Amino acid sequence: MNIRPTRTFRSIFAALAVSTALLAGACSSSTTSDAPTTSAVSDGAFPVTVESGPTGSGTDITIESRPASIVSLSPSATETLWAVGAGDQVKAVDNQSDYPAGIPVTDLSGFSPNVEAILGYAPDLVIASDDMNDLVSGLQKAKVPTLLLPAATSIDDVYAQIERIAIATGHEDQGTEVVGDMRTDIDAAVASVPARQQPLTYFHELDSSLYTVTSTSFIGQIYGLFGMKSIADAAAQGDYPQLSAEFVVQANPDLIFLADSQCCGVTAEAVAARPGWNGMKAVTGNQIHVLDEDLSSRWGPRVTDQVKAVAAIVAQVPTA
């Protein structure tokens, strides 16, 4: 899950192909005028065939030659393109992408893509998270391959998507290196936090109307690396349920994570002041933590940073 009017729960859920009618809000960010440089060296032979869509979809696309004009309509894909060294091949990114600094941001939308506007950049590869507005068929008519990379369902899925982008752009070796470094860093972060006899419980706030995540969600799986359990698991309303304030208070989580501070100004002080919340363990123990909303909503190479951030928080929670 983002900037410009995008660092919102509505945008996160659109990116995750879940309900989008939840919250409107906005934040801003800035980029520099000079695009970051990347290696243009190709380590792949073309044509290449890569899977498009969810892992195991069985749908493949063939890319005849090394792409020289890529359009990214997904912030996660944009971050990955630069991480694997394909940034020099990218001509345009969508209005949600904001990392790394200096990328060629446009007003293109991944949520309501305009095929004619996309074709204006003469792409030879388009990467998107979802097939909105008949994107794939429209680009097929123009003989432009579309690589669909929907919201990852696990960290292994993140690795697979990074490798797919690397192969599709001619940077297979760099993709393998990125994934290897991520595995090493994530394993080290998890190992740095001692195991607990009793798992910590948490409430991850996606917005102030108390939408949250369960342990089976992608975000929940990151917490699960540290043996943590979501209080929403008992709600049994899918991966992203909405809880009542009474439910949260009664569940009495050990920690509260806020993913709505940057977009919506929610603070630890405001949470503690909610009626009935001041007696919860997370409040009395000063365990309300603000998260970087981009790190907690995108499924790219910076998943490692999210794991490290959670590790640092969990490591300082006193043992019983």
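Please read these numbers as outputs of a predicted model, since none were measured by experiment.

Q: Tell me about the overall build of the protein chain, and name the residues and values.
A: Counting its secondary structure elements, the protein chain contains twelve helices and ten strands. Looking at the protein chain as a whole, 53% of its 320 residues qualify as buried. Of the roughly 13,300 Å² of accessible surface on the protein chain, a fraction of 51% belongs to carbon and sulfur atoms.

Q: So what's going on with the nonpolar core? Which residues, and what values?
A: Membership of the largest hydrophobic core comes to 55 residues, with the highest contact counts inside it found for Ile127, Leu147 and Met228. The dominant element in this core, judged by the number of residues it contributes, is helix H5 (residues 155–169), at seven residues. Once residues lying within four places of it in the same chain are set aside, the contact partners of Ile127 are Ile70, Val71, Ser72, Leu73, Ser74, Ala77, Leu81, Leu147, Leu149 and Ile165. Ile231, Ala235, Ile256 and Leu258 belong to the second largest nonpolar core, which has 16 residues in total.

Q: I'd love a proper account of the pattern of salt bridges, names of residues and values included.
A: Enumeration according to the criterion identifies eight salt bridges in this entry. Arg298 is the salt-bridge partner of Asp98, the closest N and O atoms lying 3.0 Å from each other. Here Arg298 lies in the loop between strand E10 (288–290) and helix H12 (303–315) and Asp98 lies in the loop between strand E4 (90–93) and helix H3 (115–119), a separation of 200 residues in the sequence. A relative accessible area of 9% means that Asp98 is categorised as buried.

Q: With reference to specific residues and values, describe the packing of aromatic side chains.
A: Counting across every chain of the model gives four aromatic pairs. Residues Phe203 and Trp277 carry aromatic rings whose centres are separated by 6.2 Å and whose planes lie at 70 degrees to one another, so their mutual orientation is edge-to-face. Of this pair, Phe203 sits in strand E7 (residues 201–205) while Trp277 sits in the loop between helix H10 (268–272) and helix H11 (281–284); the two residues are 74 residues apart in sequence, bridging distant segments of the chain. Note on accessibility: Phe203 and Trp277 belong to one class, buried. The ring of Trp277 has Arg274 lying over it, and the distance from NZ or CZ to the ring centre is 4.8 Å. Across from the ring centre of Tyr99, 3.7 Å away, lies the NZ or CZ of Arg302, which sits over that ring.

Q: Residue-level account of the packing of helix H2 (residues 75–83) against H5, with values.
A: H5 packs onto H2 with a crossing angle of 60 degrees between their chain directions and a minimal axis gap of 10 Å. The orientation of H2 relative to H5 falls into the category oblique. Crossing angle aside, the handedness with which H2 passes H5 is right-handed. Along the contact surface, H2 presents Ala77, Thr80 and Leu81, while H5 presents Ile162, Ile165 and Thr169. Each residue belonging to the contact of H2 with H5 can be placed in one class, and the counts come to four nonpolar, two polar and no charged.

Q: Describe the state of the cysteines, naming the residues involved and giving the relevant values.
A: Such a bond, covalent and formed between the sulfur atoms of two cysteines, is termed a disulfide. Applying the stated rule across the entire model yields one disulfide. Here Cys263 connects covalently by a disulfide to Cys264, the sulfurs 2.3 Å from one another. Torsion about the S-S bond of the Cys263 and Cys264 cystine: about -90 degrees, corresponding to left-handed handedness. A relative accessible area of 7% means that Cys263 is categorised as buried.

Q: Go over unusual backbone geometry, please, and point to the residues and values.
A: Cis rather than trans, the peptide bond between Phe46 and Pro47 has omega equal to 5 degrees. For Ala122, which is not a glycine, the phi torsion comes out positive at approximately 50 degrees. Checked against the element boundaries, Ala122 lands in the loop between H3 and strand E5 (125–128). Although it is not a glycine, Asn252 adopts a positive phi angle of roughly 55 degrees. For Asn252, a relative accessible area of 24% gives the class partly exposed.

Criteria and cut-off values
Residues numbered from 1 in each chain as written. Predicted model: local features only at pLDDT ≥ 70, side-chain atom pairs only at ≥ 80, totals over all residues. Heavy atoms only, no water. Helix = DSSP H or I, 4+ residues; strand = E, 2+ residues; numbered from the N terminus. Buried < 20%, exposed > 50% of the residue type's maximum accessible area, 1.4 Å probe, protein only. Areas by Shrake-Rupley, 256 points an atom, 1.4 Å probe, with all protein chains shown as cover. Core = buried A, V, L, I, M, F, W, Y, C linked by side-chain atoms within 4.5 Å. Contact = heavy atoms within 4.5 Å. Salt bridge = Lys/Arg side-chain N within 4 Å of Asp/Glu carboxyl O. Phe/Tyr/Trp six-rings, centres within 6.5 Å; stacked < 30°, edge-to-face > 60°. Lys NZ or Arg CZ within 6 Å of the ring centre and 35° of its normal. Axes fitted to C-alpha atoms, helices over the stretch in contact; angles between N-to-C directions. Parallel < 35°, antiparallel > 145°, perpendicular 65-115°, else oblique. Left-handed = near helix turned anticlockwise from the far one by under 90°. Nonpolar A, V, L, I, M, F, W, Y, C, P; charged D, E, K, R; others polar. Disulfide = S-S within 2.5 Å.

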